[in-house]
Amino acid sequence: MEKLSLVVAMYNEEAMASYFLEVLSATLDEISDFEKEIIIVNDGSSDKTLEILRAAQQKYKDLKIVSLSRNFGHEAAIAAGLNIASGDAIIPLDGDLQDPPYLIPLMLEKYREGYDVVNAKRAKRKGDTLFKKWTASAFYKLIDSLSGKVKVPQNVGHYRLISRRVLNEVIKLNDYVRVFRVEVPFVGFKTCEITFERGNRTLGKTHYNIKAMTDLAVDAIVSTSIEPLKLITNWTIGFAIVFLLSVVALIITFSVDVSLEYHLIATPYYVLWLALEIVYLLFIIIMIALSIMSQYLGRTYLEAQKRPFYVIDKIFENKK
Ligand code: UDP
Ligand code: MG
């Protein structure tokens, strides 16, 4: 029988933990054609989360608890859980029921149809502030536009089903900064989406403030793309074009003025203009130096990341 792993990170979720397990296991009980394991990573909680989970282990035999030595953050905690998940199908989800377990059977249905990735897309962000809706949509658009050939799905967080081979490829990405939601699309494979309405947290409170959200967005962009570094080169080209035009303008104005003996513009102004052009030229030289450095920095970053440059899905071959 195939095995299903649920991977959950919890940080100070004493208000939610028992209720979460109750709802999750009620759903899991209805799935009979999979072995199941629930892996909860206690991300250095300072409240009673760990005690509650330990007690729950009496009741839920498939519950495995991984307790980290301190708080490492959501992404690191999920990565820790994924590393020890042993399932054929793996689903990471938040421990506050904002990722509703009722989607699990629907994801499994798609998995049985042969999909390696089933994204749970947040169709409506009910209860989110306008600010969060707006920043989230801007974030997903920006990351998608920067990520080149990688198609980053919009409004998909951790919650998705991935097959064993997708997880193996994700684990192989050895990035220090982990951002699961951009790693899965990087790896690829046959992907589909199901949509759901993401509700509010019922108990406890969010751990993501504006700073944490900004950090996540920056991590996602920097770990996926060196496009921002290439901007420096584009700006340099733009500035250089403006510089050349201004030099041409200077030469034309000056020669017309002198040859026709208009002397409309007093010489000191030409001297000032010339001085500005020299300063501008020095600025361009610095920009060119920065562009060269950014090109090498980008390469160095990619080399340091050492991501695979392709992932094979299948090899088709005639039998000899
Ligand atoms: N979480 C974690 N470590 C942290 C912060 C959050 O493991 O440092 C967990 C948290 O317990 C929850 C999940 O990550 O299960 C999502 O966090 P939260 O609900 O606070 O985020 P939001 O849904 O508001 O984006
Ligand atoms: Mg939440």
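Residues numbered from 1 in each chain as written. Chains lettered and ligands numbered in written order. Predicted model: local features only at pLDDT ≥ 70, side-chain atom pairs only at ≥ 80, totals over all residues. Heavy atoms only, no water.

Caption draft 1: Spatial organisation of the overall build of the protein chain. A tally of regular secondary structure across the protein chain gives ten helices and seven strands. Relative to a compact globule of 320 residues, whose C-alpha radius of gyration would be 20 Å, the protein chain shows 27 Å and is clearly more extended. Over its C-alpha atoms, taken along the principal directions, the protein chain stretches across nearly 100 × 60 × 35 Å. By residue count, 42% of the 320 residues in the protein chain fall in the buried class. (Helix = DSSP H or I, 4+ residues; strand = E, 2+ residues; numbered from the N terminus. Rg over C-alpha atoms; globule rule 2.2 N^0.38 Å. Buried < 20%, exposed > 50% of the residue type's maximum accessible area, 1.4 Å probe, protein only.)

Caption draft 2: Spotlight on a negative patch on the surface. A cluster of acidic residues, Asp29, Glu30, Glu35 and Asp62, forms a negative patch at the surface. Mapping Asp62 onto the fold places it in the loop between α2 (49-59) and β3 (63-67). For Asp62, a relative accessible area of 43% gives the class partly exposed. (Patch = residues over 30% accessible without salt bridge, like charges linked within 9 Å, V, L, I, M, F, W, Y side chains within 5 Å. Areas by Shrake-Rupley, 256 points an atom, 1.4 Å probe, with all protein chains shown as cover. Salt bridge = Lys/Arg side-chain N within 4 Å of Asp/Glu carboxyl O. Lys, Arg positive; Asp, Glu negative; His and termini not counted. Charge placed at Lys NZ, Arg CZ, Asp CG, Glu CD.)

Caption draft 3: Structural context of the confidence of the model for the protein chain. Chain-level statistics for the protein chain give a pLDDT mean of 92 and a share of 98% at 70 or above. Ranking the elements of the protein chain by mean pLDDT puts helix α5 (residues 130-146) last, at 86, and strand β1 (residues 2-10) first, at 97. (pLDDT = per-residue confidence, 0-100.)

Caption draft 4: How the structure looks around the site of ligand 1. If you check the shell around ligand 1, you find 18 residues, and the closest are Glu13, Asp43, Asp96, Thr206 and His207. Between ligand 1 and Gly95 there is a distance of 2.8 Å, counted from an oxygen atom to a backbone nitrogen or oxygen. Interatomic distance of 2.9 Å between a side-chain N/O atom of Arg198 and an oxygen atom of ligand 1. For ligand 1, the accessible surface in isolation is 530 Å², of which the surrounding protein chains cover 92%. (Near = heavy atom within 4 Å. Polar contact = N/O pair within 3.5 Å; in protein donor to acceptor, adjacent residues only side chain to side chain.)

Caption draft 5: Examining the side chain of Ser45 more closely. Tracing the backbone through its elements, the reader meets Ser45 in the loop between β2 (34-42) and α2. Here Asn12 takes part through its backbone nitrogen, which lies 2.9 Å from a polar atom of the side chain of Ser45. Of the polar contacts made by the side chain of Ser45, one reaches the side chain of Asn42; its length is 2.6 Å. Not counting chain neighbours up to four residues away, the residues in contact with Ser45 comprise Met10, Tyr11 and Asn12. (Contact = heavy atoms within 4.5 Å.)

Caption draft 6: Region of interest: unusual backbone geometry. Phi at Asn155 takes a positive value of approximately 55°, unusual for a residue other than glycine. In this fold, Asn155 is placed in the loop between α5 and β6 (156-163). Positive phi, close to 50°, is recorded for Lys306, a residue that is not glycine. In this fold, Lys306 is placed in the segment after α10 (267-305).

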